[in-house]
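# A closer look at the structure
Read off the chains here:
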Amino acid sequence: MKKYDVLIIGAGIAGLYAAMNLPKEKKVLVVCKDIPWECNTFYAQGGMVTALNESDIPSHVEDTMAAGSYHNDEKAVEILSKMSLETTADILKRGMEFDVDEEGELLYTKEAAHSTERIIHAGGDATGRYMHYFMMVQNEHQLQRNTLVYDLLIQNGKCFGVKALVNYRAETIYADDVIIASGGVGSLYEYNTNSRTVSADIHGICVEKGIELCDMEMMQFHPTVFVKTPFARKLLLTEALRGEGAHIVSEDGKRFLFDYDERGELASRDIVSRAIFDYKRKTGEEVYLDFSMFEEAWFLKRFPNISRTFEAIGYKFPQDRVPISPAFHYAVGGIKCDVDGCVEGIDGLYVVGEASSTGVHGANRLASNSLLEGVVFAKRVAQHILTKESIEISIPKFDKDYKNIVHHENDEVYKKRLRKIMWDDMGVIRTKKGLLEAKNEIFDMKNRDIGRLLELRLNTASAIVEAALKRKESLGAHYIE
Ligand code: SIN
C-alpha cells in the first residue's frame, strides 16, 4: 500500500513551495499530470508582487481590493500583503535570482492597476520559468510525473488519498493530508493562455462530492494575447509591457482605451479586456499592441523571451505591432477554503494557489498577485499541517473505480464543443440567453457516453455557468449584458 504523510497534487509554484516548507523527515509526494514544467507557473511572464516594505502594505491591499471590486476577503488580502515580506525574503535567502540593477538592487516594475512599482521579475520576462526551475531544484521531496488524479478518497468527512492513473495504470495513493495545487480551468476555453494540463479535473471531483466552489463566475481574461496560432495555449504578451509604456491602438493608431477608462492601458485587466472586446465587436477592426516607442536594445534585454518567441513567427520587435485579443487567463474563483487552505468539512484536505478560493482576489485578480498567492498560502498550508494535532483513523475500503472509462473515443469532439461554448457564452461579455444555452448544452453532453475526465470538466463548466446565472448584476470579471 502506498501511503504518505502528505500528498501534493500539482507541481507549480503553490505545490512546490508547500513541499519546500515541509521537512525532509516527512514522507511527502508531489505529483503532476505530465512533465512538471507543464503548469501555469512555468508560463508566467510579468513577475511576482511583493509589498516593498511595511508602509507599502496598505497601498498593496487597497490596489488588490480595488481591482477585485471590493468583493475580496479583506483578511486574506492583508495576510497576502503582510506575508509577502517574509516569503520574498525567504525565497531570496534560498538563492532565487530576480533581476537586479548594476548595483545589485532588485528591479521593480509596474503592471495595470498597481499604484507603484512593486513587481519583481526574473529573466526579464520569464519570471515563472525561473521561479519554477528554482523551486524544482530546491524541493527535496519525491516528485512523480504522469500522475493523473481522477478521484479523491473521501469518507465520513475525511480525505484518505486519491485514485490516479500513474503512467496509464490505475493506482491508489493514500495520505494523511492531501493538498490540491492543481491550478485552474484553462482547457475549458477555446482561447486561453494556460498550460494544456490545466483542465479543472479536481474542481470537477469537488462538484461531484459536494465540496463548495466559490466565485466561479469570476473568470479572468488577459487583454493582450496573440491568438492566431494553431496551438491550444495562446501567446501571452505580459502586462509588464504596458507597465513599461506599450500602447494598445486601433488600426489607425488611436489609443481608444481612454474612451473607456481614464487610466487607459493601465486600467485593471477586466476593464481593458472588455474595452478591446467591445471595440473589436463595434468596429470589426483589429486591435494592436504597439511597442514602437521603445529603444531596441533596451527592449530585447527587458523582454528577451517574448522577442524570441515572436521572431520565430515572423515579428520583429519592437518595430512590429501585434494583433491582440483577450483570452481566458486565470480562474479567480475556485475550491473554497480558509486562509490556511483548509477545505471546510473535509479533514485532511487542503487547497492552494489558483485552484483555491480564499477570497483574496475578490471579483478580479490584480496583476502578478498570483505567484505571490501561491507562495504565501502554500506556506500557511504547510505550517498548518505541521502544527495540527494528528489523529490515526483506519483507512476504509474504496471500491468504486473508473479505470476503464477515463477516456472515451468521442471525448475529443465534445471537449472541442465545450471549449467553444465556454468562449462564446461564458467569455468576456455574457448574456442570460447565452448562459442558458450553455447550461443546456453542457447538460446534454453530460448525458452522453463520455469518459471520466470529460465528465469532470463538464461538472466544473456547469458550476461556472450556474454561478454566472446566479449573479444577476455585473461585478469585476463577471460582466452581464
Ligand atoms: C502577465 O505577465 O501579464 C501575467 C501576470 C499575471 O497573470 O498576473
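Residues numbered from 1 in each chain as written. Predicted model: local features only at pLDDT ≥ 70, side-chain atom pairs only at ≥ 80, totals over all residues. Heavy atoms only, no water.

## Examining the nonpolar core
Here is the rule: Take the buried Ala, Val, Leu, Ile, Met, Phe, Trp, Tyr and Cys residues and link them wherever side-chain atoms come within 4.5 Å; each set so joined is a nonpolar core. Relative accessibility thresholds used throughout: buried, under 20% of the residue-type maximum; exposed, over 50%; partly exposed, between the two (1.4 Å probe, protein chains only). A run of H or I in DSSP counts as a helix once it spans at least four residues, and a run of E counts as a strand once it spans at least two, with each numbered from the N terminus. Any pair of residues with heavy atoms lying within 4.5 Å of one another is described as a contacting pair.
Of all hydrophobic cores here, the largest spans 66 residues; its most connected members are Leu349 and Met422. The dominant element in this core, judged by the number of residues it contributes, is helix α14 (residues 452–470), at eleven residues. Beyond its immediate stretch of four places on either side in the chain, Met422 contacts Leu188, Tyr189, Gly427, Ile442, Ala461, Ile464 and Val465. Counting residues in hydrophobic clusters, the runner-up holds 51 residues, among them Ala14, Ala19, Met48 and Leu371.

## Describing the environment of Glu285
When you line up the elements, Glu285 lands in the loop between α8 (269–283) and β14 (287–290). On the basis of relative accessibility, which here comes to 25%, the residue Glu285 falls in the partly exposed class. Residues Glu285 and Glu97, 188 residues apart in the sequence, show an inter-C-alpha distance of 42 Å. In this structure, Glu285 is in contact with Ser250, Glu251, Tyr279 and Lys280, ignoring residues within four places of it in sequence.

## What to know about the UniProt feature "domain: FAD-dependent oxidoreductase 2 FAD-binding" (unreviewed entry) in the protein chain
We count it as follows: UniProt positions are given in the numbering used here, feature names are shortened, and annotations may be inferred rather than shown by experiment.
In the numbering used here, UniProt assigns the feature "domain: FAD-dependent oxidoreductase 2 FAD-binding" (unreviewed entry) to residues 5–371. Across residues 5–371, the secondary structure splits into 29% helix and 23% strand, with the terminal C-alpha atoms separated by 26 Å.

## Digging into helix α13 (residues 432–446)
Our working rule: One less than the number of residues in a helix, times 1.5 Å, gives the span that helix is expected to have. For this quantity, the arc is that covered by the directions from the helix axis to the C-beta atoms.
Taking 1.5 Å per residue as the helical rise, α13 with its 15 residues ought to reach 21 Å, and the 21 Å between its terminal C-alpha atoms agrees with that figure. Among the residues making up α13, those that are buried are Gly434, Leu435, Ala438, Ile442 and Met445. Viewed end-on, α13 has its buried residues packed into an arc of 95 degrees, placing them on one side of the element. For α13, the exposed residues lying more than 90 degrees away from the buried face are Lys432, Lys433, Asn440 and Phe443. Along its buried surface, α13 packs onto α12 (411–425) and α14.

## Here we look at the environment of Lys33
As a reminder, the rule being used: The definition of a polar contact used here is a pair of N or O atoms within 3.5 Å, where within protein one atom must be able to donate a hydrogen and the other to accept one, and adjacent residues in sequence count solely through side-chain atom pairs.
Residue position: Lys33 is located in the loop between β2 (28–31) and α2 (40–43). A relative accessible area of 27% means that Lys33 is categorised as partly exposed. Considering only alpha carbons, one finds Lys33 and His478, 445 residues apart in sequence, at a separation of 30 Å. A distance of 2.7 Å separates the side chain of Lys33 from the side chain of Ser199, its partner in a polar contact. Within the structure, Lys33 has its side chain in polar contact with the side chain of Asp201 (distance 2.7 Å).

## With respect to the site of the ligand
Just so we agree on the cut-off: We define proximity as follows: a residue is near a molecule or strand when any one of its heavy atoms falls within 4 Å of that partner. Residue exposure ignores everything except the shown protein chains as possible cover, and the areas themselves are Shrake-Rupley values with a 1.4 Å probe. Residues are sorted three ways: Asp, Glu, Lys and Arg are charged, Ala, Val, Leu, Ile, Met, Phe, Trp, Tyr, Cys and Pro are nonpolar, and all the rest, Gly among them, are polar.
In the vicinity of the ligand, the residues found are Gln45, Gly46, His222, Thr238, Glu239, Arg269, His329, Arg365, Ala367 and Ser368. Within the backbone of Gly46, an N or O atom sits 2.9 Å from an oxygen atom of the ligand. Here the ligand, which alone exposes 260 Å², has 96% of that area covered by the protein. In terms of residue class, the shell around the ligand is built from one nonpolar, six polar and three charged.

## What about α8?
Counted at 1.5 Å a residue, the expected span for α8 with its 15 residues is 21 Å, and the 21 Å between its end C-alpha atoms agrees. Buried within α8 we find Arg269, Asp270, Val272, Ser273, Arg274, Ala275, Ile276, Asp278 and Tyr279. Where α8 is buried, its residues meet β11 (219–226), α7 (239–244), β13 (247–250), β14 and β16 (325–331). Of the residues one or two after α8, Gly284 is the one with positive phi, at around 70 degrees.

## Looking at the pattern of salt bridges
Threshold: Salt bridge, as used here: a side-chain nitrogen of Lys or Arg that lies within 4 Å of a carboxyl oxygen of Asp or Glu.
Evaluated as defined, the whole model comprises 35 salt bridges. For Asp176, the salt bridge is made with Lys3, and the minimal N-O distance between the two is 2.7 Å. Taken together, the residues span a long stretch of sequence, with Asp176 in strand β9 (residues 169–180) and Lys3 in strand β1 (residues 2–9) at a distance of 173 residues. Among the residues examined, Lys3 registers a relative accessible area of 27% and is labelled partly exposed. The partner of Arg471 in a salt bridge is Glu217, with the nearest N and O atoms 2.6 Å apart. Residue Arg471 is located in the segment after α14, and its partner Glu217 is located in the loop between β10 (213–214) and β11; the two are separated by 254 residues in the primary sequence. Relative accessible area serves as the criterion here: at 24%, Arg471 is assigned to the partly exposed category. Each of Asp151, Glu208, Lys209, Arg452 and Glu455 takes part in salt bridges that share partners, so that together they form one network.

## Quick notes on the state of the cysteines
Test applied: Disulfides are defined in this document as cysteine sulfur pairs within 2.5 Å.
Scanning the model with the defined rule gives zero disulfides in all. Note on Cys32: no disulfide assigned, nearest cysteine sulfur contributed by Cys39 at a separation of 8.2 Å. Left without a disulfide partner, Cys206 is nearest to the cysteine sulfur of Cys159, which lies 9.3 Å away.

## So, the pairing of β2
Threshold: Here the rule is simple: two strands pair whenever DSSP picks up at least two bridges between them. The handedness rule is simple: strands pointing away from the viewer, and a clockwise path from the first strand over the helix to the second, make the crossover right-handed.
Of the two faces of β2, the one carrying Val28 and Val30 and the one carrying Leu29 and Val31 are both buried. Sheet topology places β1 next to β2; four bridges connect them, and they run parallel. In the strand pairing of β2, Val6 is matched with Val28. As for the winding sense of the linkage, the β-α-β connection from β1 through helix α1 (residues 13–20) to β2 is right-handed.

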